[in-house]
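Descriptive structure summary
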Amino acid sequence: MTFQPHTIIEPFRIKSVEPIRQTTRAERAAALEAAHYNLFLLRARDVLIDLLTDSGTGAMSSAQWAGMMRGDESYAGADSWYRFEDAVRRITGLTHVIPTHQGRAAERILFGATVSAGDIVPNNTHFDTTRANIEARGATALDLPIPEGRQPSLQHPFKGNMDVAALEHLLATDRARVPLVMMTVTNNSGGGQPVSLANLRAVRAVCRQYGVPLFLDACRFAENAWFIREREGDWAGRSPRDIAQAMFAEVDGATMSAKKDGMANIGGFLAMHDDDLARRCRDALILTEGFPTYGGLAGYDLEAIAVGLDEALDEDYLRYRIRSVAYLGDRLRQVGIPIMEPPGGHALYIDAAALLPHIPALEYPAWALSAALYLEGGVRSVEIGSVMFGQQPDGSERAASMELVRLAFPRRVYTQSHVDYLAEVLTYVHGRRDRIRGMRITSQPPALRHFSAHLAPIGGTLLAL
Ligand code: F0G
């Protein structure tokens, strides 16, 4: 019998390191005050472990850095562009590839070419920039997750799935107002939960029946492919690449932030089969992003993404990545911290509504918990709750469907001891949860308020010592 280890190790060794800085609680309390209790407004140097996002925060491989050195910076027709286009086509099979500087630029260009005022764009769950770009067109961004997706403690293998019956009902009654359907893999705002191929195919069938194009928000396509391999019978043991290709085969196009499963620090793309739509999108691209063979990116960025897209599909990498998030989930469960079940691909989501039942939704329990984790442990997370989603286009406010704190893991950056430290911080704060106070907003912009709003703890102290 050969040795069968239980430990899943980081499948890399570290060639370059970046120090992180310890601070005292008093320093962090002062930093929080200065940032108006908004973790987006902190200086990164005051953060010990930064789980604000997995977007653009990953470590590149030696192969990616080598690729950057051969970046061809020609304005038009650079070799780097052809390598990028080839890498995207090999995985997606989509005819037209349009580079953009990040995912939201792809969204703006796509919706600019397809969405009009009064339209409705359904999605399993829109990410905040997707929602905002649709609303900026005067249209409605409609979330249609399966009901299981809205119950944090429930176990279900594919909580990211779309409610196909709800989609069918919408198209049967309002087809003329729906220019396209989106599916987000994995479903970031819904807890980083995957979508099954069966669900994608069922959505596809309904879209075909009504003649509506289907687009994938593909930021985390590789992680979604891994979950399909682990959880969807027919696909067990198939390569993540085969599964990713099967996912893209179901859609008419995709938007992508290469800052996630592109393993790059910047970049994205828009891709589709439709020739006429591609022409209109390229015209818009030239206006604000750049010529269609670079789209706002340097040649070296195109190289980093071309290499990164393949690395994201590596089995050892995906196994380690998904396991490290699940490991933190195991540690938190052991001490009774309520998490979104099962753990997601890029992030673990804490159910702040369950953890802080004494704080009502519009006193922002997830925001308060996120601030407390920074105060006690120097950990930066992000609220996905009523601060992020409560603000309505008409200026009113409504509680979000869930109050979550997201701990998003940069790719290939932190090791198991960092995760053990996180478990300790969370356990400590959990032990003091009764003392955490709710928050109020003292100033906010008209949209996407979480990025810049100022808040203060109700009663003046967030968490008394
Ligand atoms: N779609 C999804 C599902 C995303 O998660 C993001 C970004 C975008 C689109 C936009 O891409 O940032 O390159 O413009 N999510 C990051 C996050 C910011 O923290 O989850 P972008």
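Conventions adopted
- Residues numbered from 1 in each chain as written.
- Predicted model: local features only at pLDDT ≥ 70, side-chain atom pairs only at ≥ 80, totals over all residues.
- Heavy atoms only, no water.
- Helix = DSSP H or I, 4+ residues; strand = E, 2+ residues; numbered from the N terminus.
- Buried < 20%, exposed > 50% of the residue type's maximum accessible area, 1.4 Å probe, protein only.
- Contact = heavy atoms within 4.5 Å.
- Domains from an automatic or database assignment.
- Buried area = accessible area lost by both parts, 1.4 Å probe.
- Salt bridge = Lys/Arg side-chain N within 4 Å of Asp/Glu carboxyl O.
- Pairing = 2+ DSSP bridges.
- Axes fitted to C-alpha atoms, helices over the stretch in contact; angles between N-to-C directions.

1. Here we look at the side chain of Ser55
Residue position: Ser55 is located in the loop between strand S1 (49–50) and helix H2 (62–69). The class of Ser55 is buried, set by a relative accessible area of 16%. The residues contacting Ser55, other than those within four sequence positions of it, are Ser257, Lys259 and Lys260.

2. A look at the domain arrangement of the protein chain
Examined at the domain level, the protein chain breaks down into domain 1 (25–54 + 314–457) and domain 2 (62–311). With centres defined by C-alpha atoms, the gap from domain 1 to domain 2 works out at 26 Å. Counting residues at the interface gives 30 residues for domain 1, matched by 36 residues for domain 2. Both faces combined, the contact of domain 1 with domain 2 buries some 2700 Å², and carbon together with sulfur accounts for 58% of it. Contact with domain 2 buries area across many residues of domain 1, yet Leu318, Pro342 and Arg411 alone supply 19% of it, more than any other trio. Linking domain 1 to domain 2 there are six salt bridges.

3. Here's the deal with the sheet that holds strand S9 (residues 347–351)
Here three strands make up an open sheet; going across it, the order is S9-S12-S11 and the pairing antiparallel. A strand with exactly one partner marks an edge of an open sheet, and here the two such strands are S9 and strand S11 (382–384). Strand-to-strand twist across the sheet, computed as the mean angle between neighbouring axes with direction ignored, equals 35°. Direction of pairing for S9 relative to strand S12 (residues 404–408): antiparallel, over a ladder of five bridges.

4. Concerning the sheet that holds strand S5 (residues 181–184)
A sheet is described by the order of its strands in space; here five strands give the open sequence S2-S8-S7-S6-S5, paired in mixed fashion. Every other strand in the sheet has two partners, leaving strand S2 (96–100) and S5 as the edge strands with one partner each. Each strand of the sheet is rotated relative to its neighbour by a mean of 15°, with strand direction disregarded. With five bridges connecting them, strand S7 (residues 253–257) and strand S8 (residues 268–272) associate as antiparallel partners. By the bridge assignment, Ala254 is partnered in S8 with Ala271. The strands that helix H3 (residues 79–92) touches are S2 and S8; relative to S2, the one it contacts most, it runs at about 120°. Running at roughly 20° to S2, helix H10 (residues 275–288) makes contact with S2, strand S6 (214–217) and S8 of the sheet.

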